[in-house]
Protein chains: 2
Amino acid sequence: MNADARYMAAAIALSERGRGRTAPNPNVGCIIVRNGHVVGRGWTQPGGRPHAEAMALTEAAEGARGASAYVTLEPCFHQSHRGPACSLLLREAGITRVVIASSDPDPRTDGQGAAMLRDGGVEVMTGIMEAEACTAMAGFFTRQRHGRPHVTLKLATSLDGQIARANGESQWITGPQARAHTHLERARHDSILVGRGTVEADQPRLDVRLPGLENRSPMRVMLGAGKPPKGWNAITAPEDIAGLAGTDFLMVEGGARTASAFIAADLVDRLLLYRAPILIGAGRAAMGDIGLEKLGAAQGRWRLAGARMLGLDRMELYERIRAA
Amino acid sequence: MNADARYMAAAIALSERGRGRTAPNPNVGCIIVRNGHVVGRGWTQPGGRPHAEAMALTEAAEGARGASAYVTLEPCFHQSHRGPACSLLLREAGITRVVIASSDPDPRTDGQGAAMLRDGGVEVMTGIMEAEACTAMAGFFTRQRHGRPHVTLKLATSLDGQIARANGESQWITGPQARAHTHLERARHDSILVGRGTVEADQPRLDVRLPGLENRSPMRVMLGAGKPPKGWNAITAPEDIAGLAGTDFLMVEGGARTASAFIAADLVDRLLLYRAPILIGAGRAAMGDIGLEKLGAAQGRWRLAGARMLGLDRMELYERIRAA
């Protein structure tokens with residue numbers, strides 16, 4: 001990995017801090033480097049402002065003159081009543097080189113940010129660590145491309161694919177490390193959705209119960225007819241997620257009918273599996289009918305994107321393979 | 001790993017060559033080392049004779065004089081009409097040091113082999129790589145301790161724990177690498193068992209279809225009432241495996257009722273899972289009722305003992321944790 005890629009990896013790590021809190025803005029990360037020293041760091045703040053570049057420039061102050069900026073997304077071109085365009089800010093601060101992971105598909109920028117920088121004599125490079133940056137900002141890109149949030153489906157199962165005993169007992173299949181990891185994942189999503197059956201059976205809080213992250217609890221959404229609990233949103237079909245305000249990252253947590261409905265509608269982008277080393281036997285399966293017509297049609301849809309042990313349990317992450 | 005452990009690891013690897021073909025004899029491995037050179041190698045031959053030590057001594061010939069022998073199991077003490085005791089053979093060949101992984105629980109030996117060697121002035125070490133050797137000879141030890149074969153349950157499932165679509169379609173869930181691995185595992189077992197339902201629905205051959213291993217196909221056993229296919233054995237309950245002649249390693253291949261019956265009877269020692277990166281939804285679950293009364297009772301029973309990718313599929317091996 002060369003120096004540009006290393007600095008961009010650090011900018012991507014910063015962008016993750018905003019994940020699940022910046023919709024409808026992208027969660028961008030930015031690092032400013034002068035003579036091999038990081039003089040400014042920024043990431044999109046909750047609600048979308050300040051932008052990552054503005055925050056990093058503030059920290060760098062005079063250090064930005066003659067420095068390089070690493071930005072996970074093309075700096076914005078459009079001015080807003082909430083602040084000036086970042087491409088202009090970078091140029092005026094004396095940044096002489098801007099390294100960009102991905103261009104911004106937003107028609108208000110879409111190449112114009114990079115062009116303005118180049119016109120001002122700034123050296124611009126694009127496409128550095130692009131795939132990694134797009135994964136970190138998947139909510140923004142999914143919203144831009146498909147007009148809906150990026151969806152993670154979480155399942156916690158036994159080795160034989162059960163999410164509960166036949167009587168519904170499901171506390172606990174996985175251990176404390178896996179459950180803490182689930183809470184961390186919640187903090188990285190704008191909203192969490194569960195089905196009406198789960199709401200009525202479990203009255204789940206769906207909040208983040210990790211020290212220091214209590215204020216990162218996402219909005220809650222119920223799938224199904226009827227009145228949701230106070231403070232919750234409700235939708236009646238998976239396709240309705242397109243209309244969920246302030247939600248670019250959505251986590252679907254259960255139960256089996258809800259999971260099946262999202263899979264059947266092909267609205268799951270990321271499968272987050274926790275598997276405990278236990279056998280349950282005839283219990284409640286993780287999924288119901290997903291409309292599979294042939295085994296062959298199930299192949300080639302999911303790619304293993306990551307895995308780790310969490311105590312005795314194994315976490316696996318699969319990404320939906322979609323034609324470009 | 002010191003030199004003794006390295007040589008013993010090589011002897012254990014040789015012992016695996018006899019696995020599934022030596023019952024009721026243990027599948028022992030032996031290496032003879034003189035001045036840092038391996039001068040003889042042996043493993044228990046099909047049917048149980050010659051023993052590993054006899055084969056290695058034949059290969060070493062005069063090279064055995066003053067050499068060390070690494071044996072995965074204590075050399076036998078008892079003479080038989082099929083050959084002299086190995087402890088006597090080693091001593092008479094001039095072996096001056098014998099390194100043993102595990103003592104032999106067979107009452108006809110049980111320490112007497114090592115004692116005879118020591119009485120003859122041979123240096124004897126025991127307990128080197130004992131756990132690994134016992135795993136390689138698990139069939140023999142399970143028969144000695146529990147009076148039944150060592151049982152491997154194989155399951156090939158989707159990510160959501162299904163072994164087929166609802167209509168029974170199961171060809172194929174896993175890919176060619178995983179299926180080839182299953183055939184290799186068959187070759188390491190004396191017998192394979194499936195339920196009567198699987199026999200009638202699939203008329204499975206259950207043979208080893210790997211080039212060069214065609215003659216390693218195990219005996220076939222049906223679980224259930226009724227007449228088995230020609231050349232098959234039949235038993236009516238999982239507990240009947242104790243009476244299966246020539247079977248110290250048994251592989252259980254399906255279907256769900258048979259798997260559940262063996263798990264419910266706590267007769268599975270090794271769980272061999274193949275998981276394909278696909279979702280099936282409402283299909284046929286890997287397992288039916290196993291009599292689980294509480295989730296807590298499912299914990300602490302299985303330990304991850306190995307894992308690897310086979311093409312796009314993941315193989316996982318779990319071992320039953322049993323009190324010593």
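Computed from a predicted structure; not experimentally measured.

Engineer: Tell me about the overall build of chain A, and please be specific about residues and values.
Structural biologist: Helix and strand counts for chain A stand at nine helices and 15 strands. Against the globule reference of 20 Å for 324 residues, chain A gives a C-alpha radius of gyration of 21 Å, in line with a compact fold. Seen through its C-alpha atoms, chain A measures out along the principal axes to roughly 65 × 45 × 40 Å. Sorting the 324 residues of chain A into buried and exposed places 54% on the buried side. Across chain A, contacts joining residues at least 24 apart in sequence account for 73% of those joining residues at least 6 apart. Only carbon and sulfur atoms are counted for the fraction: they give 50% of the accessible area of chain A, which is about 13800 Å². Between the averaged position of the 39 positive side-chain charges in chain A and that of its 33 negative side-chain charges there is a distance of 4 Å.

Engineer: Residues and numbers for the domain arrangement of chain A, please.
Structural biologist: Residue and element names in this part refer to chain A. Domain parsing of chain A yields domain 1 (3–142) and domain 2 (148–320). The C-alpha centroid of domain 2 is placed 32 Å from the C-alpha centroid of domain 1. Taken together, the contact pairs 17 residues of domain 1 with 16 residues of domain 2. With both sides pooled, the region where domain 1 packs onto domain 2 buries about 1200 Å², and carbon together with sulfur makes up 47% of that total. Summed over the shared surface of domain 1 and domain 2, the result is one salt bridge. Counting across the interface, domain 1 meets domain 2 through three residue pairs in polar contact (both at pLDDT 80 or more). Elements supplying a minimum of two residues to the side of domain 1 that touches domain 2: α5 (130–136) and α6 (138–146). Examining the composition of the side of domain 1 that touches domain 2, we find that four residues originate from one element, α6, more than from any other.

Engineer: Account for unusual backbone geometry, with residues named and values stated.
Structural biologist: Cis geometry is adopted by the peptide bond preceding A:Gly255, which originates at A:Gly254 and carries an omega value of -5 degrees. Relative to the elements of secondary structure, A:Gly255 occurs in the loop between β11 (249–254) and α9 (256–264). Backbone torsion omega between B:Ala23 and B:Pro24 reads 5 degrees, so that peptide bond is classified as cis. Note that B:Pro24 resides in the loop between α1 (3–15) and β1 (29–34). Here A:Asp266, not a glycine, exhibits a phi torsion of approximately 55 degrees, which is positive. Inspection of the secondary structure puts A:Asp266 in the loop between α9 and β12 (270–275). A residue is classified by how much of its surface remains accessible, and A:Asp266, at 25% relative accessible area, is partly exposed. In this model, B:Ala61 sits at a positive phi of 50 degrees, which is unusual for a non-glycine residue. Note that B:Ala61 resides in the loop between α2 (52–60) and β3 (68–73).

Engineer: How would you explain the state of the cysteines if you had to name every residue and give the values?
Structural biologist: In the structure shown here, the tally under the stated rule is zero disulfides over all chains. Cysteine A:Cys30 is unpaired, with the sulfur of A:Cys86 as its nearest cysteine sulfur at 8.4 Å. The closest cysteine sulfur to the non-disulfide-bonded B:Cys134 is located on B:Cys30, 17 Å from its own sulfur.

Engineer: Give me the sheet that holds strand β10 (residues 233–235) of chain B: which residues, what numbers.
Structural biologist: All names here are of chain B. The eight strands lie next to each other as β10-β9-β8-β11-β6-β12-β15-β14, forming an open sheet whose pairing is mixed. With partners counted over all chains shown, the strands left at the sheet margins are β10 and β14 (302–310), one partner each. Each strand of the sheet is rotated relative to its neighbour by a mean of 25 degrees, with strand direction disregarded. Bridge analysis of strand β9 (residues 219–223) against β10 gives three bridges, and the strand direction is parallel. Within β10, the residue paired with Met222 across the bridge is Ala234.

Engineer: Can you explain the packing of aromatic side chains? Please cite residues and give values.
Structural biologist: Overall, the coordinates contain four aromatic pairs over all chains when judged by the stated rule. Between A:Tyr7 and A:Tyr70, the aromatic rings sit 5.1 Å apart at their centres with planes inclined by 40 degrees, giving tilted as the arrangement. One end of the pair, A:Tyr7, is in helix α1 (residues 3–15); the other, A:Tyr70, is in strand β3 (residues 68–73), and 63 residues separate them in sequence. Under the relative-accessibility criterion, A:Tyr70 is labelled buried at 4%. Both rings, one in B:Phe140 and one in B:Phe141, keep their centres 5.5 Å apart while their planes meet at 75 degrees; by these two values the pair is edge-to-face. The residues B:Phe140 and B:Phe141 share a single accessibility class, namely buried. One Lys or Arg, B:Arg179, reaches over the ring of B:Trp172 and ends 4.0 Å from the middle of that ring.

Engineer: Tell me about the relation of the copies chain B and chain A, residues and numbers included.
Structural biologist: Two copies of one chain are present, and they are related through a rotation about an axis combined with an axial shift. Expressed as a screw operation, the relation of chain B to chain A combines 0.1 Å of axial shift with a rotation of 180 degrees, fitting to an RMSD of 0.1 Å. Here the transformation between the copies is reduced to the relation of a two-fold axis. Scanning chain B for the C-alpha nearest the rotation axis identifies B:Gly161, at a separation of 2.0 Å.

Engineer: Run through the pattern of salt bridges, naming residues and quoting values.
Structural biologist: Counted under the stated rule, the structure contains 48 salt bridges over all chains. A salt bridge links A:Arg301 to A:Asp266; the shortest N-O distance between them is 3.9 Å. Here the residue A:Arg301 occupies a position in the loop between β13 (283–285) and β14 (302–310), and A:Asp266 occupies one in the loop between α9 and β12, the gap between them amounting to 35 residues. Judged by its relative accessible area of 29%, A:Arg301 falls in the partly exposed class. Between A:Glu316 and B:Arg275 there is a salt bridge; the shortest N-O distance is 3.0 Å. Of this pair, A:Glu316 sits in strand β15 (residues 313–320) while B:Arg275 sits in strand β12 (residues 270–275), each in a different chain. Of the two residues examined, A:Glu316 and B:Arg275, each falls in the buried class. One salt-bridge network, held together by shared partners, links A:Arg148, A:Asp266, A:Asp269, A:Arg301, A:Arg320 and A:Arg322.

Thresholds applied
- Residues numbered from 1 in each chain as written.
- Chains lettered and ligands numbered in written order.
- Predicted model: local features only at pLDDT ≥ 70, side-chain atom pairs only at ≥ 80, totals over all residues.
- Heavy atoms only, no water.
- Helix = DSSP H or I, 4+ residues; strand = E, 2+ residues; numbered from the N terminus.
- Rg over C-alpha atoms; globule rule 2.2 N^0.38 Å.
- Buried < 20%, exposed > 50% of the residue type's maximum accessible area, 1.4 Å probe, protein only.
- Contact = heavy atoms within 4.5 Å.
- Areas by Shrake-Rupley, 256 points an atom, 1.4 Å probe, with all protein chains shown as cover.
- Lys, Arg positive; Asp, Glu negative; His and termini not counted.
- Charge placed at Lys NZ, Arg CZ, Asp CG, Glu CD.
- Domains from an automatic or database assignment.
- Buried area = accessible area lost by both parts, 1.4 Å probe.
- Salt bridge = Lys/Arg side-chain N within 4 Å of Asp/Glu carboxyl O.
- Polar contact = N/O pair within 3.5 Å; in protein donor to acceptor, adjacent residues only side chain to side chain.
- Disulfide = S-S within 2.5 Å.
- Pairing = 2+ DSSP bridges.
- Axes fitted to C-alpha atoms, helices over the stretch in contact; angles between N-to-C directions.
- Phe/Tyr/Trp six-rings, centres within 6.5 Å; stacked < 30°, edge-to-face > 60°.
- Lys NZ or Arg CZ within 6 Å of the ring centre and 35° of its normal.
- Least-squares fit on C-alpha atoms with pLDDT ≥ 70 in both.

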